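# Geometric and topological summary
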Amino acid sequence: MIDLDQTKPFAISKRQVWEAYKRVRANKGSAGVDRQSMKEFEADLERNLYKIWNRMASGSYFPPAVLRVEIPKGDGRMRPLGIPTVADRIAQTVVKQYLEPLLEPKFHKDSYGYRPGKSALDAVGKARERCWRYNWVLDLDIKAFFDTIDWELMMKAVRAHTGEKWVLLYIERWLKAPVQLADGTQRFPEMGTPQGGSISPLLANLFLHYAFDQWMVRNFPDVPFERYADDAVCHCRTKTQAKKLKAALKKRMREVKLELHPEKTKIVYCKDGDRQGDYDHTQFDFLGYTFRPRRSKDRWGKLFINFSPAISNKAAVAFRRMSRQWRWSRRSDKSLEDLARMFNPIIRGWINYYGRYYKSALDPTLDCLDRRLAKWASRKYKRLRGRNRRARNWLQRMKREQPTLFAHWGRLHAKAGR
C-alpha cells in the first residue's frame, strides 16, 4: 500500500490503516448496523481500506451508529453491548494503536483490564495473595460505569497525554456516536461510551486511571488494590480503614460524576482458620471467582481453612446454560469425535480459566457435560435407548479408551482413578 499523502490535513498513513485492519481481522467480531461481515468487507478490501484512510486523513470520517445488542450476564440479567461496523472498528483501532503506547507506561501496575501482558487471572492471583496478608476487602462496584462516563472529563484525560488533533477529533466523535436499538430506532447519548468498540476499553482505563488509580496512590498509598476495567477490590488491614476508604471513595466517585453501587459495594472479612468471628460478609465475587473460606490441604496433607477463590456459582450456572444450548442430545448425526472437535475449544478455554484456582470446584459442572453426553448416546444408539445406566457405562468405557478425547475427560478420569 502507498504510504502517507502529504496533501491531507492529518498525518495518518495507509500503513496505520493496514495494521489496524489486520488486528480487527484477527479479533473477528460481528457485523454492525450495515450488516457487513468481515468476509463481505474483504470482498473489496483495497477500496474499503482506502475509503477509511482517505476520510480519516482528511478529517471527514464520521462514525456510523453503534448497533446495540444485549448479551446474558452470569446472574441471568442482560448486559448492553455496542457493536461498531467492521470499518469503524478499523478506524477505532487506528486511534488505539497511536494512543496505547503513550498511555501504557503511565498506567498503574495493578490495573489489569484489556492491557498487553496482563490478564484477569493475573488479577485473581494477586487478589488471592493479598487476601492472605490483609484481613479486610472493600469490594467495589461502580454503578453503570460505561453508561455514565462524563465526556468532558474523558476528553480532559485524553488531552493530558496527546495534543494530536485527529486523535482528539475522532475520540470525541465516537463518544457522541448514535446508538441503534434492536427495533431500528436511534438514541443519541449525552454521556458514556458503549462497550464493544476497539477504543472503549482503553478510554475506560484512562478515565479510571485518574478517577481511581492515581487517587488511591495519593490518598491511600498503603491500601493495595486490583482493578480490571470497572471491577476492583481494595485490601485493608482493619475494618475501620475499610470504612474510611468506602466513605472517601463514595465522595470521590461523586466528584468524577460516577456512583458506587449502594448494595453491591461492601466490606468483606477474609475469614479463615486463624481469623474467627461472625461478620456480615465473608465472601465476594471477582472476575468470575468467589473468594471465601474453603477447606484446603497443606504440603503435609493436613486440612486447614483457607480464604481462597474458586469458580463462582454465577459462572458455573452461565456455563451450564450455555452448554445446554449446544443441544448434544439432538445431534445424533454426529459422532463422539465430531462433538469433541466442535466443542473442545470452548471447554478447554473454560477449564484453563476457571481451573487455575481450586480445581475441584469445577467437577460438578464437568460432570454435567458427561450427563449430557450420556443422553446423546442413548438417543444415537438403539441398544442404549431408555437405558440410562447402560448409556453411562458406555460413556465410562469411552473415557477409559480415549481419556483425552474431550478436554474435560483428563481431569475427571484422573479424579476417578484416585
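In this report, we go over the structure that sits alongside the text. Treat the numbers as computed from the prediction; the structure is a model and nothing was measured.

What follows deals with the state of the cysteines. The final tally for this structure, using the stated rule, is 0 disulfides. The cysteine cysteine 131 is free of any disulfide, with cysteine 270 supplying the nearest cysteine sulfur at 4.0 Å. For cysteine 131, a relative accessible area of 0% puts it in the buried group.

Moving on, we come to the nonpolar core. Within the largest apolar cluster, 69 residues are counted, with the highest numbers of intra-cluster contacts made by Phe41, Ile90 and Leu245. Of all the elements, helix H9 (residues 200-219) adds the most residues to this core, at 10 residues. Setting aside residues no more than four positions away along its own chain, phenylalanine 41 makes contact with Tyr21, Gln36, Asn48, Leu49, Ile52, Val86, Ala87 and Ile90.

Turning next to the pairing of strand S10 (residues 289-297). Note that strand S9 (residues 284-286) and S10 share 3 bridges and pair antiparallel. By the bridge assignment, phenylalanine 286 is partnered in S10 with tyrosine 289. Turn length for the S9-S10 hairpin, with the two strands adjacent in sequence and antiparallel, is 2 residues, and the turn residue leucine 287 shows positive phi of about 55 degrees. Relative to strand S11 (residues 303-311), S10 runs antiparallel, the two sharing 9 bridges. Looking across to S11, one finds that lysine 297 is bridged to leucine 303. The turn linking S10 back onto S11 is made up of 5 residues, and glycine 301 within it adopts a positive phi angle of 85 degrees.

Looking now at the side chain of arginine 372. Mapped onto the secondary structure, arginine 372 falls in helix H13 (residues 363-380). It is aspartate 370 that comes nearest to the buried, bridge-free arginine 372 among opposite-charge side chains, at 10 Å. Those residues within four positions of arginine 372 in sequence are excluded, and the remaining contacts are Arg320, Ser323, Arg324 and Trp328.

Further remarks concern the sheet that holds strand S3 (residues 136-141). On the basis of which strands lie adjacent, the open sheet formed by 4 strands has the order S6-S7-S3-S8 and antiparallel pairing. One side of each edge strand has no neighbouring strand; the edge strands of this open sheet are strand S6 (225-228) and strand S8 (266-269). Neighbour-to-neighbour, the strand axes of the sheet open up by a mean angle of 20 degrees, direction not taken into account. Inspection of the sheet shows S6 paired to strand S7 (residues 231-236) by 4 bridges, in the antiparallel sense. Within S7, the position partnered with phenylalanine 225 by the bridge is cysteine 234. Those strands touched by H9 are S3, S6 and S7, and its axis lies near 170 degrees from that of S6.

Right, let's talk about empty space enclosed by the protein for a bit. The full count for this structure, using the stated rule, is 2 cavities of 30 Å³ or more. Roughly 90 Å³ of internal volume is contained in the largest cavity. Together, 15 residues line the largest cavity, and Gln92, Trp174, Pro194, Ile199 and Ser200 are the ones closest to its centre. Elements that contribute at least two residues to the lining of the largest cavity include exactly helix H4 (86-103), helix H8 (165-175) and H9. Of the residues assigned to the lining of the largest cavity, the class counts are 10 nonpolar, 4 polar and 1 charged. In this structure, the second largest cavity encloses a volume near 50 Å³. Lining the second largest cavity, in full, are Leu140, Ile142, Leu208, Phe212, Arg227, Ala229, Asp230, Ala232, Leu249, Met253 and Leu260. At the level of secondary structure, the elements contributing two or more residues to the lining of the second largest cavity comprise H9 and helix H10 (239-255). Looking at side-chain class alone, the lining of the second largest cavity contains 9 nonpolar, no polar and 2 charged residues.

Counted under the stated rule, the structure contains 19 salt bridges. A salt bridge links glutamate 172 to lysine 176; the nearest nitrogen and oxygen atoms lie 3.4 Å apart. On the accessibility criterion, lysine 176 (43% relative accessible area) is partly exposed. Linked by salt bridges that have partners in common, Lys109, Asp110, Arg130 and Glu226 make up one network.

What counts, and where the lines are drawn
- Residues numbered from 1 in each chain as written.
- Predicted model: local features only at pLDDT ≥ 70, side-chain atom pairs only at ≥ 80, totals over all residues.
- Heavy atoms only, no water.
- Disulfide = S-S within 2.5 Å.
- Buried < 20%, exposed > 50% of the residue type's maximum accessible area, 1.4 Å probe, protein only.
- Core = buried A, V, L, I, M, F, W, Y, C linked by side-chain atoms within 4.5 Å.
- Helix = DSSP H or I, 4+ residues; strand = E, 2+ residues; numbered from the N terminus.
- Contact = heavy atoms within 4.5 Å.
- Pairing = 2+ DSSP bridges.
- Lys, Arg positive; Asp, Glu negative; His and termini not counted.
- Salt bridge = Lys/Arg side-chain N within 4 Å of Asp/Glu carboxyl O.
- Axes fitted to C-alpha atoms, helices over the stretch in contact; angles between N-to-C directions.
- 1 Å grid on protein atoms, 1.4 Å probe; cavity = no way out; pocket = protein on both sides within 12 Å on 5 of 7 lines; lining within 4 Å.
- Points joined across faces, edges and corners; volume = space filled by probe spheres on them.
- Nonpolar A, V, L, I, M, F, W, Y, C, P; charged D, E, K, R; others polar.

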